[in-house]
Amino acid sequence: MNIPFLDKWRKRPAGDTAAPLAAAFDRDPGGVAEVLAECELLRARVEDAGVVLDDSPRSLQELDQLPPRWREDPEELPWVGNDAGLYLGTVIVRNVPGAHWQVLPGGGPVVRLASGREIQVVEAGLDWAMTGSPELSQVYAEAAEA
């Protein structure tokens, strides 16, 4: 996978500090969005259950129906939640007109809708992974209505 902003980080001069995610996003928003969409752990866990994450709203409904086996592993739980949030954000960005990724100054990715509303997708994904609420499909439906 060719991701230009990662190459720039790898080739920085000695003593140079790492560029924050927001700066990398400014230079290559498509590359950063591609990295945010990977969600490898989530994809691996749900593939075992026969769910294909195809970046569609329907896939969020399928995720909501899965038995939450990841809750049995306290070390894996936050990672699955983080991936679920990034996947939710990816589905919103790819399907809701005007939605786009934005990186907050602290480095956290959020989805900004055309209306200006920000959706804390990682927070929603973590809540979903821990408690099942809010459902990912419900967060998407609310974003699509805005």
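Everything discussed here concerns the structure shown above.
Residues numbered from 1 in each chain as written. Predicted model: local features only at pLDDT ≥ 70, side-chain atom pairs only at ≥ 80, totals over all residues. Heavy atoms only, no water.

**Student:** Give me the nonpolar core: which residues, what numbers.
**Tutor:** Among the nonpolar cores identified, the biggest contains 35 residues, and Leu 42, Leu 63, Leu 88 and Ile 92 are the most heavily contacted of them. No other element matches the eight residues that helix H6 (residues 77–95) contributes to this core. Apart from residues lying up to four places away in sequence, Leu 42 is in contact with Leu 53, Leu 63, Val 80, Asp 83, Ala 84 and Tyr 87. (Core = buried A, V, L, I, M, F, W, Y, C linked by side-chain atoms within 4.5 Å. Buried < 20%, exposed > 50% of the residue type's maximum accessible area, 1.4 Å probe, protein only. Helix = DSSP H or I, 4+ residues; strand = E, 2+ residues; numbered from the N terminus. Contact = heavy atoms within 4.5 Å.)

**Student:** Explain the sheet that holds strand S3 (residues 118–119) residue by residue, including any values.
**Tutor:** Ordered by their spatial adjacency, three strands build an open sheet running S1-S2-S3, and the pairing between neighbours is antiparallel. Two strands in the sheet have a free side with no partner beyond their single neighbour: strand S1 (100–103) and S3. Pairing analysis gives four bridges linking S1 to strand S2 (residues 109–112), with the strands arranged antiparallel. Following the sheet pairing, Trp 101 is matched in S2 by Val 111. (Pairing = 2+ DSSP bridges.)

**Student:** How would you explain the pattern of salt bridges if you had to name every residue and give the values?
**Tutor:** Summed over the entire model, instances satisfying the criterion amount to five salt bridges. The salt bridge involving Arg 43 is made with Asp 55; its shortest N-O contact spans 3.6 Å. Here Arg 43 is found in helix H4 (residues 40–48), whereas its partner Asp 55 is found in the loop between H4 and helix H5 (57–64), with 12 residues between them in sequence. Of the charged contacts, one joins Arg 58 and Glu 62 as a salt bridge, the two residues approaching to 2.7 Å between their closest N and O atoms. (Salt bridge = Lys/Arg side-chain N within 4 Å of Asp/Glu carboxyl O.)

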